[in-house]
Structure formats: C-alpha cells, structure tokens
Amino acid sequence: MSRRLNNVYERLLRRFRERPYSSGFLAVCALSGGGVVAYSVATRETYDDVGAPKKKVVVLGTGWAGTSFLRNLKNPSYDVQVISPRNYFAFTPLLPSVTVGTVEARSVVEPIRNIVKKNNVNVNFCEAECYKIDAQNKKVHCRSTKNANEEFIVDYDYLVVAMGARVNTFNTPGVEDHCLYLKEVEDAQKIRRKVIDCFEKASLPNVSDEERRRMLQFVVVGGGPTGVEFAAELHDFVSEDLVKLYPTVKDFVKISLLEATNHILNMFDKRITTFAEEKFHRDGIDLKTGSMVVKVSDKEISTKEIKTGVVSTIPYGMAVWSTGIATRPVVVDFMKEIGQANRRVLATDEWLRVEGTNNIYALGDCATINQRRVMEDISSIFEKADKNRSGTMTIKEFQEVVDDICDRYPQVQLYLKNKNMSSLVDLLKESKGDATKEVNVDEFKSALSQVDSQVKNFPATAQVAAQEGAYLADCFNRMDKCEKRPEGPIRFRESGRHRFRPFRYKHLGQFAPLGGEQTAAQLPGDWVSIGHSSQWLWYSVYASKQVSWRTRSLVVSDWMRCFIFGRDSSQI
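Summary of the structure given here.

Some words on unusual backbone geometry
Here's step 1: Non-glycine residue N171 carries a positive phi angle of around 55 degrees.
Here's step 2: Here the phi dihedral of D526 falls at roughly 60 degrees; this positive angle occurs in a residue that is not glycine.

Considering the pattern of salt bridges
Here's step 1: Considering all chains together, one arrives at 30 salt bridges under this definition.
Here's step 2: Where R143 meets E151, a salt bridge forms, and the shortest distance between an N and an O atom there is 3.4 Å.
Here's step 3: We note a salt bridge from E240 to R567, for which the minimum N-O separation is 3.0 Å. Here R567 lies in the segment after α20 (549–565) and E240 lies in helix α8 (residues 225–245), a separation of 327 residues in the sequence.
Here's step 4: Overall, E240 belongs to the partly exposed group, its relative accessible area being 36%.
Here's step 5: Using a relative accessible area of 11% as the deciding quantity, one classes R567 as buried.
Here's step 6: Among the charged side chains, a salt-bridge network with shared partners connects E104, R192, D558 and R561.

What about the nonpolar core?
Here's step 1: Membership of the largest hydrophobic core comes to 97 residues, with the highest contact counts inside it found for F69 and F476.
Here's step 2: In contact with F69, other than residues within four places in its own chain, are V57, V59, V160, G469, L472, A473 and F476.
Here's step 3: One finds I395, V401, V439 and F492 within the second-largest nonpolar core, a separate group that totals 28 residues.

Quick look at the sheet that holds strand β16 (residues 291–296)
Here's step 1: An order of β16-β17-β18 is seen for the three strands of this open sheet, with the pairing classed as antiparallel. Two strands bound the open sheet, and with one partner strand each, they are β16 and β18 (311–315). Shown here is a sheet whose adjacent strand axes are inclined to one another by a mean of 35 degrees, direction ignored.
Here's step 2: As defined by bridge partners, strand β17 (residues 300–305) adjoins β18 across five bridges and the pair is classed as antiparallel.

Concerning the pairing of strand β27 (residues 518–523)
Here's step 1: Judged by how many residues are buried, β27 sits mostly within the fold: five of six residues are covered.
Here's step 2: Taken together, the five bridges between strand β26 (residues 510–515) and β27 define a ladder with antiparallel strand orientation. Paired with G515 across the bridge in β27 is Q518.
Here's step 3: Between β26 and β27, which pair antiparallel and follow one another directly, the connecting turn spans two residues, one of which, G516, has a positive phi of 60 degrees.
Here's step 4: Following β27, the chain reverses through three residues before pairing antiparallel with strand β28 (residues 527–531); G525 in that reversal takes a positive phi of roughly 85 degrees.

Remarks on the environment of K201
Here's step 1: Summarising the element assignment, K201 is placed in helix α6 (residues 185–202).
Here's step 2: For K201, a relative accessible area of 40% gives the class partly exposed.
Here's step 3: Placed 10 residues apart in sequence, K201 and E211 show a C-alpha to C-alpha distance of 9.7 Å.
Here's step 4: Those residues in contact with K201 that lie beyond four places of it in its chain are V207 and M215.

Here we look at a nonpolar patch on the surface
Here's step 1: A grouping of M292, V294, I306 and V311 is seen on the molecular surface, where their side chains present a nonpolar patch of about 300 Å² in accessible area.
Here's step 2: One can find I306 in the loop between β17 and β18.
Here's step 3: According to the relative accessible area criterion, I306 is partly exposed, its value standing at 45%.

Definitions and cut-offs
Residues numbered from 1 in each chain as written. Predicted model: local features only at pLDDT ≥ 70, side-chain atom pairs only at ≥ 80, totals over all residues. Heavy atoms only, no water. Salt bridge = Lys/Arg side-chain N within 4 Å of Asp/Glu carboxyl O. Helix = DSSP H or I, 4+ residues; strand = E, 2+ residues; numbered from the N terminus. Buried < 20%, exposed > 50% of the residue type's maximum accessible area, 1.4 Å probe, protein only. Core = buried A, V, L, I, M, F, W, Y, C linked by side-chain atoms within 4.5 Å. Contact = heavy atoms within 4.5 Å. Pairing = 2+ DSSP bridges. Axes fitted to C-alpha atoms, helices over the stretch in contact; angles between N-to-C directions. Patch = residues over 30% accessible without salt bridge, like charges linked within 9 Å, V, L, I, M, F, W, Y side chains within 5 Å. Areas by Shrake-Rupley, 256 points an atom, 1.4 Å probe, with all protein chains shown as cover.

Below you can see the structure in the form of structure tokens.
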C-alpha cells in the first residue's frame, strides 16, 4: 500500500514540475478503489527587479486582438498567461485563398510562442479553452483541448478577453449539420477537400447527369467580403485549373451566391458594389440578391424571396455559410454575470474596459465600444466650463474645455467635419449668432443636440481588432506613468482626469478581391480603385501585414508558385 501511495505521490510531483503554472493540487485518494482525483490551481507568483510581485495578466485568445496585444506589450513588470484552444495566430484575410490552394494553410499561421518570445515580457501559453469567467473572484476556469477531463483555474489581476466570435446561423434549420464555414484554418482545409471530393465523385462513370449537376453546384451564402472573395477564388480555381483536369464534367459546374439584402458588399462604396455584381454576372456566377435561406437539407437549400415571399429550392454539392458572427457561449454567460444579459455583444467603455468591471478588458469581435453620448453629460460639461458658477458660459470659458470634449467624445469631430466647421466654438457661434454673448445651459444643449447622431459602432474586422490590441498594450506599457500623471481628458462627472486618451479607430481602407487578378480597393478620402493595379496593391499590403518574415516569405512564394504552376488539386 505504501509503495502504491509513493507512486501516486511521485506522479503528482512530476505533474507539478511539468506544469510550472500549477502550484496547488488537491488530491483525494480513495484507498478502497485506488482512485485519484487531481485538480490544479494556477497561483504562481513572479517578482520584478525590486522584489515586488508582478501583476498577472491573462489573455484569452490568439486572434487579431489578442496577438496584437501580445506583440505590442513591452513592459516587463507583467506576468502574462495566454490561454487559447489554438497555439497559433492565423492571418484570416487569406483564408479564402487557402480554400483553393492559392496559398497553403501553413503559410498563413505563426506559432504564438514564436511571436511572444521576442518580447522582454514573461509570457506563458496554455492550449486550453476557457469555459467560465469568474469576475468576482478574479479567476478563469479552463479545460484542456487534449483531455476534456483535465481542468484548471488561473488567477488574474487583469483579464483581456479576446476570444473572437462564432458563426451566426440565425437558427436556420440544417445549417450546422450540412454547411461548411469559413472562420478558421480548419474550415478552409475542409472546403478545399470538399471541392476536390465533389469533382472526383462527379467524374465516376456510373453517376447520372442530374446527380453530376447537383454535386458540382457550389452555393455560397452571404454577400459580405468573405463570401464574395471565396466565390471569386472558387471561380478562378475552377476556370483556371479544374476544367483542365476534369474536362468531362466542366459543363456541369455552377457557382451561386445568395444574399438576403438587395446588393452584395453593402459596406463598400456603391461603385465597388456595382462593379462586383456586373463582374460576377460576366463570369457566370449566379448572383441571387434579396434571397434568404430558410432551410438546409443534405442535398437542397430552400430560399425565400424577400419581396414576393416565394420559396424555392437549390440542389447543391457543397454549401458555405458566411453570413455574420455571434457571441460565444462563455461570453454570453459572463455577460449574464455582470448584468449585460440583454446585450448582443460584450459592452466596453472607450478605454476597452468591460462595463461593470474594473480590471477586465475586451477586444475584437467579442465586444463593442459603448460610446458615451454628449447629451448624457451635457449638464456636467456646462458646470465644468462655468467656473465662476454664474449660470452662463462665455466663449472663452468654453474654449478651455473644448479639447477635452473632442477627446472624450469622438462623435463631436465627425459632426463638425460633416458641418464643415473647424471647431466646437464655430458650432456655438452658429447656434448663438453672437460670439461675444454668453450662453446658458439650455442654449448650450441646443447647440450640441445633434452631435450624438454621429455615434457609430466599429465593424467587426481584423483591422479594428488589431488596433484595439495595440492601443491596450500601449496603455499597459504606460500604466504606472499615467497613474501618476494622467494624460486623458477631464472627468466631467468627477474630479481629475482619465489616465489615458480613449481609443480611436483609424480606418486605413479595405479590399475586395473579385477574381481574375482584379481587386476593388476603398481607401481613406473616398478614393476608390478597381482593377489589376489594385490587385498588386492588395498583394503588397497583405504581404507587409504578415506577423513574421517566415509567413511573409511563404505567402509570397505561394503566390509565385500558383502563378507559374497553378493550384494544387491533390486531395490530402
């Protein structure tokens, strides 16, 4: 018996040494059955150069937001624990290219350990899934992706939630069972295998023409950037490579794109939308707008025309669902815990801090910034400006707080830009009509009453997530400095200043590859470019945005390989 207990003790000790983040174990031995239950709690303490305990930062997720935060975190006074079910970062804008072999899957991924090892920050990674966030006790409950029975708890001082989102099926019957998604690298690999599988099955001699036509009917649901780019990539793959390899079935191939609204690429300029629709018609892609999917079976997709309500069916061999995103279950449970149960996504303030918490931040697709309205604080703003408490405010008094107002409320600058005004003082003068007179609180409210009409939510894109991650890392890098010398705007409802300036998103443009070496580009300043020149701009931007020289060289070499030899159609 003693020998058996010694063996158990040695295994537990070896387990502890293998997992340095686990410093506490609870072991319960049932001597009669010889069973052992082990539960680990991560309570590791690390210290900085002066002997003070380092603040523990837990990052959930290795997507655009989480990786951007890790890459830009330079302050060595933090002990960082990264928890994610995947141990790599994926360059998701190139996933449509992965589906057809234009770019290989391993060319768009970089191990997260390679990314964080270059920083002067202590970062540890666990390949696990967080299934519960305990905000009250500052703990996250995790489960290993390798062994579902292996669970552990990690303590934190700061928590960064960057878990992304899941595919939104809108509870459409049959989608989860029969459709493929395009959200992860694994999804792109499944699509690539399925495309070749459809062609191989259709090439068998005992298959009827009707069945061939069904097998080679590829349906893409969703006319956003991902769906449009995938449809374009698939058309190029078929027309440039597969028709040469499968000449007997080339006439049976059909690609359909379904979109519930009246146009595809609604977030782009109308010129791009019009060009994309015309090009798809020329290429033979069956574009069905105003068509909503109501049911998916194993061989047919049922759609309903929005205008007429007529229901029709489309036989298919492969269906790809790309219609939007939804909140992950663990985030939904967390929202209920902190009083955000009625919201669609996690709400944060302008500093990316989750509303209702003090030390939890949320970035990327799992969260949205709940921008503060000017009219909510209009009385407090007036009181701050009216220093002599006279009940009126002069232009001079207003000028002393105008910079803080513009810093705190980004919609103000957008409103002034639309009104072709240089400053808030011009807006106040226009409202009052006389710059020398004073204004009371009612007149002040009237002048700014329309400002909040410019409040806008940021799109759920990689560009937004990356900028949020970089911003939060910069805040963490300067946390101690800004505690002593705050650099943010005035706290209008309280005393003092905010530690940091609020997050500001800078839109750098967006691309929509349309196939045939043509890309639509919409850049700041209402600049639109469509054609082959934009394709080369797309190449250069996406190559430069890779997170390492390894992936950059692999992606460029894949493009060259595809140009010279074509895409690989091997089913592996």
